[in-house]
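Notes for the structure review
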Amino acid sequence: MTEAMRQAEKAYEEGEIPVGAVVVIGERIIGKGYNQTEKLHDVTAHAEMIAITAASDNLGSKYLQDCTLYVTLEPCVMCAGALYWTQMNRVVFGAADEKRGFSRLGKAILHPKTTLTTGILATESQELLLKFFKRLRT
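Residues numbered from 1 in each chain as written. Predicted model: local features only at pLDDT ≥ 70, side-chain atom pairs only at ≥ 80, totals over all residues. Heavy atoms only, no water.

1. Concerning the overall build of the protein chain
Per the secondary structure count, the protein chain includes five helices and five strands. The linear arrangement of helices and strands in the protein chain, starting from the amino end, is α-β-β-α-α-β-α-β-β-α. Here the C-alpha coordinates of the protein chain stretch approximately 45 × 30 × 25 Å along the principal axes. Residue pairs at least 24 apart in sequence account for 57% of intrachain contacts in the protein chain once pairs closer than 6 positions are excluded. Measuring between centres, the 16 positive side-chain charges of the protein chain sit 2 Å from its 16 negative side-chain charges. (Helix = DSSP H or I, 4+ residues; strand = E, 2+ residues; numbered from the N terminus. Contact = heavy atoms within 4.5 Å. Lys, Arg positive; Asp, Glu negative; His and termini not counted. Charge placed at Lys NZ, Arg CZ, Asp CG, Glu CD.)

Structure below.
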């Protein structure tokens, strides 16, 4: 999760909403990403999507059944749908996203075999997001 926070800080430094994600297999990071929707002019360029693509390229497989995604903010419905199709083994997120997070629709949006862990580095993730939005408003 620490590396996901580093990715979120990169997003923050680039003026993106500070969300970071990493995909891990065993102890090895095989995909990293941070929000790049502004930079790439692409609404799908969420941290999770970039990390999933990198991990799939790394493994040469569209399935990530033995992998864990660590992400600083609860995934949106789009990203949760992608996680479903990858059959991600485990998803760990920091801060909850009460407005746009997938959990508003229930855990069923994830693959039935996916384990969900929440609240890891939630305070740090939330503080970075608040700092970002405060900077936008001043």
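2. Describing the UniProt feature "active site" (unreviewed entry) in the protein chain
In the UniProt entry, the feature "active site" (unreviewed entry) is given for Glu48. Looking at where glutamate 48 falls in the secondary structure, it is placed in helix 3 (residues 47-59). Residue classification places glutamate 48 among the buried positions, given a relative accessible area of 4%. Residue contacts for glutamate 48: discarding those within four places in its chain leaves Ala21, Leu69, Val71, Leu73, Pro75, Cys76 and Cys79. (UniProt positions renumbered as here; feature names shortened; annotations may be inferred. Buried < 20%, exposed > 50% of the residue type's maximum accessible area, 1.4 Å probe, protein only.)

3. Side note on the UniProt feature "domain: CMP/dCMP-type deaminase" (unreviewed entry) in the protein chain
With numbering aligned to this structure, UniProt lists the feature "domain: CMP/dCMP-type deaminase" (unreviewed entry) at residues 1-105. The span residues 1-105 is 37% helical and 25% strand by assignment, and the distance between its end C-alpha atoms comes to 25 Å.

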